[in-house]
Each structure stands twice: as C-alpha cells, then as structure tokens.
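Examination of the molecular architecture
For reference, the chains in residue letters:
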Amino acid sequence: MTGEIFYLLSGVWALAILAVFILAIRLSYRIEARSPDLTNRSGFPRKAMMFHTITNMKVARDAETQGLRRRMNRLLLVVLAGFAVMWAGLYLVRSAG
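These notes cover the structure that comes with them.

Definitions and limits used
Residues numbered from 1 in each chain as written. Predicted model: local features only at pLDDT ≥ 70, side-chain atom pairs only at ≥ 80, totals over all residues. Heavy atoms only, no water. Helix = DSSP H or I, 4+ residues; strand = E, 2+ residues; numbered from the N terminus. Buried < 20%, exposed > 50% of the residue type's maximum accessible area, 1.4 Å probe, protein only. Core = buried A, V, L, I, M, F, W, Y, C linked by side-chain atoms within 4.5 Å. Patch = residues over 30% accessible without salt bridge, like charges linked within 9 Å, V, L, I, M, F, W, Y side chains within 5 Å. Areas by Shrake-Rupley, 256 points an atom, 1.4 Å probe, with all protein chains shown as cover. Salt bridge = Lys/Arg side-chain N within 4 Å of Asp/Glu carboxyl O.

**Brief notes about unusual backbone geometry**
Backbone geometry places Asn56, a non-glycine residue, at a positive phi of 65 degrees. Among the secondary structure elements, Asn56 is positioned in the loop between α2 (50–55) and α3 (63–96). Relative accessible area serves as the criterion here: at 17%, Asn56 is assigned to the buried category. Backbone geometry places Lys58, a non-glycine residue, at a positive phi of 65 degrees. As for its position among the elements, Lys58 is in the loop between α2 and α3. A residue is classified by how much of its surface remains accessible, and Lys58, at 52% relative accessible area, is exposed.

Below, the structure is given as structure tokens:
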C-alpha cells in the first residue's frame, strides 16, 4: 500500500516539477527577447537558449533582465531539488520493501 501511494504522489510531484520547468523556459524566452544579442531574428522558432541565460552570456545587463535571470535560476534550482527529493523517496521505498 505504501508503494502505491508513493507512486501516486510521484505522478503529482512530476507534474508540479514539469510546471516549474515550463515557467523557467518561459522566463528564458522573456530574457532572450530583452537581450539584443540573443534575439531570434531568423523568423523560425528555436529552442530556448537556457545555457546562455543561466550563465549570463550575451544577456542584457539592466536590472530588470538580471532579476528575471535570477528568478529563472531559482526555478531551475527548484527543479533540481525536486529530482533529488524524488530520487531519495524512490530509494527509501525500494529499500523498505
């Protein structure tokens, strides 16, 4: 019974982590739009340039853009912590039974 509850909670947890990751991607696109060197001028859709926005490469230096970048980095840390919690919970469930 404990395992079944864990797997149900895992599904809910995964959806929550996915929602946080999508928020981080949306912030990355907003940061790119505010940064002249990262603006998409091709007219074709492309992937978010998250590596650039995480590492602050070619990102605009104004206070608002940097605030968006810090917020995105915090969201990505939440995602990373979510994976760590999920791994720890899976380890505990597997070792208990």
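**Overview of the nonpolar core**
Within soluble globular proteins, side chains that are nonpolar generally end up buried alongside one another. Counting residues in each nonpolar core, the largest one holds 13 residues, and the members touching the most others are Ala24, Leu27, Ile31, Met50, Met72, Leu75 and Leu76. Elements that contribute at least two residues to this core include exactly α1 (2–34) and α3.

**Thoughts on a nonpolar patch on the surface**
Together, Leu15, Leu18 and Ile22 line one region of the surface with nonpolar side chains, adding up to about 290 Å² of accessible area. Along the chain, the position of Leu15 falls in helix α1.

**Observations concerning the pattern of salt bridges**
Evaluated as defined, the whole model comprises three salt bridges. Across the salt bridge formed by Asp62 and Arg34, the nearest N and O atoms sit 2.8 Å from each other. Within this pair, whereas Asp62 is found in the loop between α2 and α3, its partner Arg34 is found in helix α1, the two being separated by 28 residues in sequence. Overall, the relative accessible area of 31% leaves Asp62 in the partly exposed class. Residue Arg34 is classed as partly exposed on the basis of its relative accessible area of 35%. One salt bridge in this structure joins Arg34 and Glu64, with 3.6 Å as the shortest N-O distance. Here Glu64 lies in helix α3 and Arg34 lies in helix α1, a separation of 30 residues in the sequence. One salt-bridge network, in which partners are shared between bridges, spans Arg34, Asp62 and Glu64.

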